[in-house]
Amino acid sequence: MKSFLGIALLCAGLLLVSGCDSDDPVVTPETPEIPLTEFVIASSDYLNHRFFKLDLPFEEAPGGRRLGDRILLETIKIFQLMPDGPPGLGDLTNVAVYVDSMGFRNWDGINFHEPHMFGRRWREIFPWYWDVMLDHDGHLIAVDLRTKMSDQDVLAVIYEVRLADGGIVKVGDSPHFDAPEQEVVGGEGLYYRMKLLKAPVSDQEPRSFRYVLRNIYSLGAANIDQTTFALRIERNAAGAIQPQQDETGLDYIRIFGLDRDNPQQSGYSDGLVDWWDPFIFDLAKGLLKFPLDFPMPFAPGGQIFASGDPADQVAEAFYSAYADTSSFVWNPSFLWANQTWQLYDPSVFPPDYPQHTSFRIIATYGKPDMVPQ
């Protein structure tokens, strides 16, 4: 009796909504669509003066890093030149900075009497204000200062290198362990010696200019939802048909090395950017990072003067390797005709970069949690 009464009451309740006819359709509430944000990035608008290598080991002969040498992360200390004024609490007094063009093994051979520049008041950028970028083996790629430094800021760095044989080489004087001992031409008092990490852009100093990673771009937000994320690269040309593809129908994301595989990592591009690869995308921080071996994505050969010269051949080799298909055509093409070497030349100042925007990067995603740091 109780069972029959329960069924009757259940049926009566359902009748108020849709009746007890088993043939009535079940109504499923619709899932609201997630509104998408579109963020457009000029190819000239990389995150300048934020990511810094500490050296250029393959170019610093004969004293650069060799196989097995390792920068000790815990020894890295970065200092910023402060405006004139009395030193504040914790400020460091008297630092001279030097261009390390021959590599850390020749650090003691530098003419320390004539620094690139020197200053009275310096302040440490403590490690909790910056991050490190590491390779697959845990070796340092670059430091991430989390914010873009200004064009005229000056940075100095000290660190230690553990050699492959176990020895230790120091680069620069540590204020925590060393006393300032260096006299410099035009200076007053004794100075700490440190390596130049960033010079004012007005110096046009080529060595420290190349410490900056110039292939990393902001996606406009952080904590981006991977399920709604997409990215394409387009020609910056009015009226272009299929601007996300070259003249032969190849997607630019493939030619620029952003679509080299698929989530299953089967070795085949799938027409989508490799958002799952942490060495290319950091959706938590909202970063696009062109491949590490592609430091100048929009002019890998530098200045291109004429078809067939060495710079032209270098650029063609890069793009052809990423495209990885015989259908790729380098010359003639929009890409060939619009190489923007000016973005990677110390003689061109950053305010002029927007004049050299041959492509634009377009990211779309659902509403993120926050703006990037």
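Up top you'll find the structure we're talking about.
In every chain, residue numbers begin from 1 and rise along the written sequence. Thresholds applied to this predicted model are a pLDDT of at least 70 for local features of residues and 80 or more for the giving and counting of side-chain atom pairs; totals over whole chains, interfaces and linings are not thresholded and use all residues. Heavy atoms throughout the structure, all of them, feed into the side-chain values; hydrogens and water do not.

Participant: Looking at this model, I keep getting lost on the environment of Trp330. Mind explaining?
Facilitator: With respect to the element layout, Trp330 can be found in the loop between helix H4 (310-323) and helix H5 (334-337). Exposed residues in this analysis have more than 50% of their type's maximum accessible area, buried residues have under 20%, and partly exposed residues fall in between, with area computed by a 1.4 Å probe over protein chains only. Residue class for Trp330 comes out buried when judged on its relative accessible area of 4%. In this structure the C-alpha to C-alpha distance between Trp330 and Asp312, which are 18 residues apart in sequence, comes to 9.6 Å. Contact criterion: two residues are considered in contact whenever any of their non-hydrogen atoms come within 4.5 Å of each other. When sequence neighbours within four positions are dropped, the list of residues in contact with Trp330 reads Ile304, Asp312, Ala315, Glu316, Tyr319, Leu335, Trp336 and Gln339. A polar side-chain atom of Trp330 sits 3.3 Å from a polar atom in the side chain of Asp312. Here a helix means four or more residues in a row that DSSP labels H or I, a strand means two or more in a row labelled E, and each is numbered from the N terminus. Polar contacts, as used here, are pairs of N or O atoms within 3.5 Å; protein pairs need one atom able to donate a hydrogen and one able to accept it. Residues neighboring in sequence count only if both atoms are side-chain atoms.

Participant: Can you help me understand the environment of Tyr98 in this one?
Facilitator: Within the secondary structure, Tyr98 is located in strand S5 (residues 92-98). Separated by 2.5 Å, the side chain of Tyr98 and the backbone oxygen of Phe112 make a polar contact.

Participant: So what exactly am I meant to see when it comes to the pairing of strand S11 (residues 192-198) here?
Facilitator: The two faces of the sheet receive side chains in turn, since in a regular strand these alternate between them. Burial analysis of S11 places six of its seven residues in the buried class, the great majority of the element. Any two strands are treated as partners once DSSP identifies two or more bridges connecting them. For S5 and S11, the ladder comprises four bridges, and the chain directions are parallel. Residue Val97 lies in a different strand from S11, and its bridge partner there is Met194. Note that strand S9 (residues 155-162) and S11 share three bridges and pair antiparallel. Residue pairing across strands places Ala156 opposite Leu196, the latter belonging to S11.

Participant: Which parts of the structure should I look at to understand the nonpolar core?
Facilitator: What tends to happen in soluble globular proteins is that the nonpolar side chains get buried as a cluster. Only buried residues count toward a nonpolar core. Its members are Ala, Val, Leu, Ile, Met, Phe, Trp, Tyr and Cys residues joined through side-chain atoms within 4.5 Å. In this structure, Leu219, Phe229, Leu231, Ile233, Phe256, Leu288 and Phe290 are the most contacted members of the largest nonpolar core, which totals 43 residues. Looking at this core, the elements that each hand over two or more residues are strand S13 (230-235), helix H3 (252-255), H4, H5 and strand S16 (359-366). When residues no more than four places from it in sequence are discounted, the contact partners of Phe256 are Ile233, Phe290, Pro291, Phe294, Pro297, Phe298, Tyr319, Tyr322, Leu335 and Phe359.

Participant: Honestly, the sheet that holds S16 in this entry has me stumped. Any pointers?
Facilitator: Read from one edge of the open sheet, three strands run S1-S16-S13, paired in antiparallel fashion. Looking at strand neighbours, the two that pair on one side only are strand S1 (36-42) and S13, the edges of this open sheet. The average angle at which neighbouring strand axes cross in this sheet is 20°, direction not considered. Relative to S16, S1 is paired through seven bridges, and the arrangement is antiparallel. Here an axis means a line fitted to C-alpha atoms, over the contact stretch when the element is a helix, while the angle between two N-to-C directions is reported on a 0 to 180 degree scale.

Participant: How do you make sense of the pairing of strand S6 (residues 117-125) when you look at a structure like this?
Facilitator: When strand S4 (residues 77-81) meets S6, the two strands line up antiparallel, connected through four bridges. Each bridged residue has a counterpart across the sheet, and for Leu81 the counterpart in S6 is Trp122. The sheet contact formed by S5 and S6 spans five bridges and is antiparallel. When the bridges of S6 are listed, Thr93 appears paired with Arg121.

Participant: I would appreciate a short explanation of the side chain of Arg235 in the present structure.
Facilitator: For Arg235, the position within the fold is in strand S13. Two residue types count as positive, namely Lys and Arg, and two as negative, namely Asp and Glu; His and chain ends fall outside the count. In the sections that follow, a salt bridge refers to a side-chain nitrogen of Lys or Arg positioned within 4 Å of a carboxyl oxygen of Asp or Glu. In this structure Arg235 is buried but unpaired, with Glu247 as the nearest side chain of opposite charge at 4.7 Å.

Participant: Got a minute to help me understand the pattern of salt bridges in this structure?
Facilitator: Pairs can form between side chains of opposite charge once their charged atoms are near each other. The final tally for this structure, using the stated rule, is 16 salt bridges. Between Lys285 and Asp131 there is a salt bridge whose closest N-O contact spans 2.8 Å. In this pair, Lys285 is assigned in the loop between strand S14 (281-282) and strand S15 (287-289) and Asp131 in strand S7 (residues 131-134), connecting sequence segments 154 residues apart. Residues Lys285 and Asp144 are paired through a salt bridge, measuring 3.4 Å at the closest nitrogen-oxygen approach. With a gap of 141 residues between them, Lys285 in the loop between S14 and S15 and Asp144 in strand S8 (residues 140-144) connect regions that are remote in the sequence. For Asp144, a relative accessible area of 1% puts it in the buried group. Beyond isolated ion pairs, a larger network of salt bridges with shared partners links Arg50, Asp131, Asp144, Arg146 and Lys285.

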